[in-house]
Amino acid sequence: MITRRTLRWTGTSALALAVLAGPAVTAAHAATAMYATKTADASGAVVQDLLDDLVTKDKFPAAIATVQDRDGEMTDYTAGKGEPPADGYVRIGSNTKTFTAVTILQLVGEGKIKLDGPVEKYLPGLLRGKGIDGRRITVRQLLQHTSGLPEYTDFLAKGALPYQHRYFQPRDLLDMALKKKAQFAPGTKWSYTNTNYIVAGLIIEKVTGRPAAEEITKRTIKKIGLTHTYFPGVGEQKIRDPHPTGYHRDDPAKPMTDVSVSDPSSAWTAGQMISTPSDLNRFFTALLDGKLLKPAQLKQMRTTVKAPQLGPGGRYGLGLSAVKLSCGGTAWGHGGAIPGYYTTNAATEDGRAAAIAVTHLPTTVEGQQHVEGALDKALCALKG
C-alpha cells in the first residue's frame with residue numbers, strides 16, 4: 001500500500017535478540033494502494049517491492065515505511081498481515097537514545113553539563129562496582145558507548161514474555177548492571193550498552209530536577225512539533241492508534257504472542273519511546289539541519305569512533321550512527337529493536353530520509369541484513 005503527502009532501543013542484548021526472536025508467520029502483503037494521491041514512481045516501486053519481500057520472503061508479519069525526498073515530500077508504504085496502517089505508531093526502541101543524547105547535548109550547550117566531565121560530578125557515588133568507577137567515566141563515554149559499563153538487558157536472554165507487563169524503575173535496571181563487572185577500562189574500546197543511556201537519563205533528572213521524559217518531550221518533541229511521537233508515561237502499556245500489531249515469541253515452537261500491549265519501562269531512556277516513520281524522518285532531518293542543537297554540540301554528536309559491532313565500516317557518534325550508502329555518501333540515524341518491533345532509519349544532508357519498521361524482531365542474521373539493506377536501497381532510490 002502506498003500513500004503520499006507533503007511535508008536501534010536494543011531492549012535485548014545481541015545474545016538475547018538471538019534467543020528471543022523466533023520465526024515469524026507467513027503473511028500476505030497488502031497490494032492495494034489506498035489514500036494514494038499520485039502513482040508511485042520508479043523509486044516508489046522499489047520501496048514497495050522491498051517491503052513485500054520482507055513479508056513474503058523473510059516472513060515478517062508486516063512492514064511499514066515512510067520515505068522523504070529532497071523536496072520534503074513523504075510517501076508511505078505498507079505490506080503484510082492485517083493491512084497495517086500507513087505511518088502507524090510503533091515502538092522505536094533505541095532511536096530513543098538519539099532523543100536522550102540530544103537532551104544531554106542541549107544541557108551541555110547551556111553550560112549545565114560538561115561533556116568530558118566525570119559522571120561522578122552529577123551522580124556522586126552511584127557508579128561503583130567491579131572495575132566500575134563513576135569518577136573515571138565521562139558523559140561523552142556514556143553517549144558514545146565507550147564507558148565499559150556492563151549490559152543490564154542480559155536478564156532477557158531467557159525470554160521477554162515473562163516481563164511483558166512488568167514495571168521497572170530506572171534504578172532497578174542500573175542495579176542489575178552494577179552486579180556485573182566492567183567490560184573494559186573507560187575509553188579503551190567500543191561496546192553498545194543500554195546501561196549507558198539509563199545513566200544518561202538519570203543525569204538529565206539530576207541536572208534539571210525534572211523527569212527525564214518531561215525534559216526529552218519539551219526539548220525535542222515539542223521543540224520541532226513532532227505530533228506523533230511520545231514518551232509513554234508510567235504504567236502506559238497501550239500504543240496509540242493507529243498502529244500495526246507487534247508480535248514476539250520466546251520459543252520458536254510456540255505461536256507468536258501479540259505484544260502490542262506491553263510495559264516498556266525496561267527500556268526507559270535507552271528505548272521506551274513511540275513514534276511513526278514520518279516523525280522519525282522529521283526528527284533526524286531537523287537534527288541534521290541544526291534545529292535541535294547548537295553547531296558546536298552537533299559537531300560533537302557527529303564525531304564518530306569505530307563501532308565494529310555495527311558491521312564493516314560502522315561508526316558511532318553521540319547517540320548517532322553513520323551509515324555509508326552503497327550509492328555513495330553518508331546517512332545519519334540510529335534504529336532500534338524491542339519485542340514486537342524492529343526499526344531502521346536514517347537521513348542524509350541533502351534532505352532524503354527513510355524509516356522502515358517490521359512487526360517482529362529479526363529471527364536470522366539474513367533477515368536483519370535484509371531490513372537494513374532495504375533502508376540503503378530506499379535512500380539510494382531517492383537519490384535519482
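Residues numbered from 1 in each chain as written. Predicted model: local features only at pLDDT ≥ 70, side-chain atom pairs only at ≥ 80, totals over all residues. Heavy atoms only, no water.

1. What about the packing of helix H3 (residues 95-109) against helix H9 (residues 277-288)?
Where H3 meets H9, the axes come as close as 12 Å, and the angle between the chain directions of the two elements is 35 degrees. The hand of the H3/H9 crossing is left-handed. Here H3 contributes Asn 95, Thr 98, Phe 99 and Val 102 to the contact with H9, which in turn contributes Leu 280, Phe 283, Phe 284 and Leu 287. (Axes fitted to C-alpha atoms, helices over the stretch in contact; angles between N-to-C directions. Helix = DSSP H or I, 4+ residues; strand = E, 2+ residues; numbered from the N terminus. Left-handed = near helix turned anticlockwise from the far one by under 90°. Contact = heavy atoms within 4.5 Å.)

2. A word on the environment of Arg 352
By the element assignment, Arg 352 lies in the loop between strand S15 (341-347) and strand S16 (353-358). On the basis of relative accessibility, which here comes to 4%, the residue Arg 352 falls in the buried class. Residues Arg 352 and Arg 70, 282 residues apart in the sequence, show an inter-C-alpha distance of 5.1 Å. Those residues within four positions of Arg 352 in sequence are excluded, and the remaining contacts are Gln 68, Arg 70, Leu 325, Ala 346, Ala 347, Leu 379, Cys 380, Leu 382 and Lys 383. Here Asp 350 takes part through its side chain, which lies 3.0 Å from a polar atom of the side chain of Arg 352. (Buried < 20%, exposed > 50% of the residue type's maximum accessible area, 1.4 Å probe, protein only. Polar contact = N/O pair within 3.5 Å; in protein donor to acceptor, adjacent residues only side chain to side chain.)

3. As for the state of the cysteines
The bond known as a disulfide is covalent and runs between the sulfur atoms of two cysteines. One pass over the structure, following the stated rule, counts one disulfide. One disulfide bridge connects Cys 327 with Cys 380, the sulfur atoms lying 2.1 Å from each other. Judged by the torsion about the S-S bond (-85 degrees), the Cys 327/Cys 380 disulfide is left-handed. With Cys 327 in the loop between strand S12 (321-324) and strand S13 (330-333) and Cys 380 in helix H11 (residues 365-381), the pair connects residues that are 53 residues apart, well separated along the chain. Its relative accessible area of 27% is what places Cys 327 among the partly exposed residues. (Disulfide = S-S within 2.5 Å.)

4. Remarks on the confidence of the model for the protein
Chain-level pLDDT for the protein is 90 on average; 89% of the residues reach the 70-or-more range. In this model residues 1-40 is a low-confidence stretch, pLDDT under 50, and it forms 156 contacts with partners more than four residues away in sequence or in other chains. (pLDDT = per-residue confidence, 0-100.)

5. Focus: the pattern of salt bridges
Inspection of the entire model under this criterion finds 16 salt bridges. A salt bridge links Asp 133 to Arg 135; the nearest nitrogen and oxygen atoms lie 2.9 Å apart. Assessed through its relative accessible area of 52%, Arg 135 is described here as exposed. When the shortest N-O distance is used, the salt bridge between Lys 180 and Asp 154 registers 2.6 Å. Here the residue Lys 180 occupies a position in the loop between helix H5 (170-178) and helix H6 (195-208), and Asp 154 occupies one in the loop between helix H4 (139-144) and H5, the gap between them amounting to 26 residues. Among the residues examined, Lys 180 registers a relative accessible area of 29% and is labelled partly exposed. Here the residues in one salt-bridge network are Glu 110, Lys 112, Glu 215, Lys 218 and Arg 219, joined through shared partners. (Salt bridge = Lys/Arg side-chain N within 4 Å of Asp/Glu carboxyl O.)

6. Let's talk about unusual backbone geometry
Asp 241 connects to Pro 242 through a cis peptide bond whose omega is 0 degrees. Of note, Pro 242 is situated in the loop between helix H7 (212-221) and strand S7 (247-248). Of note in the backbone geometry, Lys 59 takes a positive phi value of approximately 65 degrees without being a glycine. Along the chain, Lys 59 falls in the loop between helix H2 (42-56) and strand S2 (62-68). Exposure remark for Lys 59: the relative accessible area of 29% places this residue in the partly exposed category.

7. Things to note about the side chain of Thr 269
Tracing the sequence through the fold places Thr 269 in helix H8 (residues 268-271). Since its relative accessible area comes to 0%, Thr 269 is described here as buried. A polar contact is formed between the side chain of Thr 269 and the backbone oxygen of Tyr 197, at a distance of 2.7 Å. Beyond its immediate chain neighbours, meaning those up to four positions away, Thr 269 contacts Thr 96, Lys 97, Thr 100, Tyr 197, Ile 198, Gly 201, Ala 212, Ile 216 and Phe 231.

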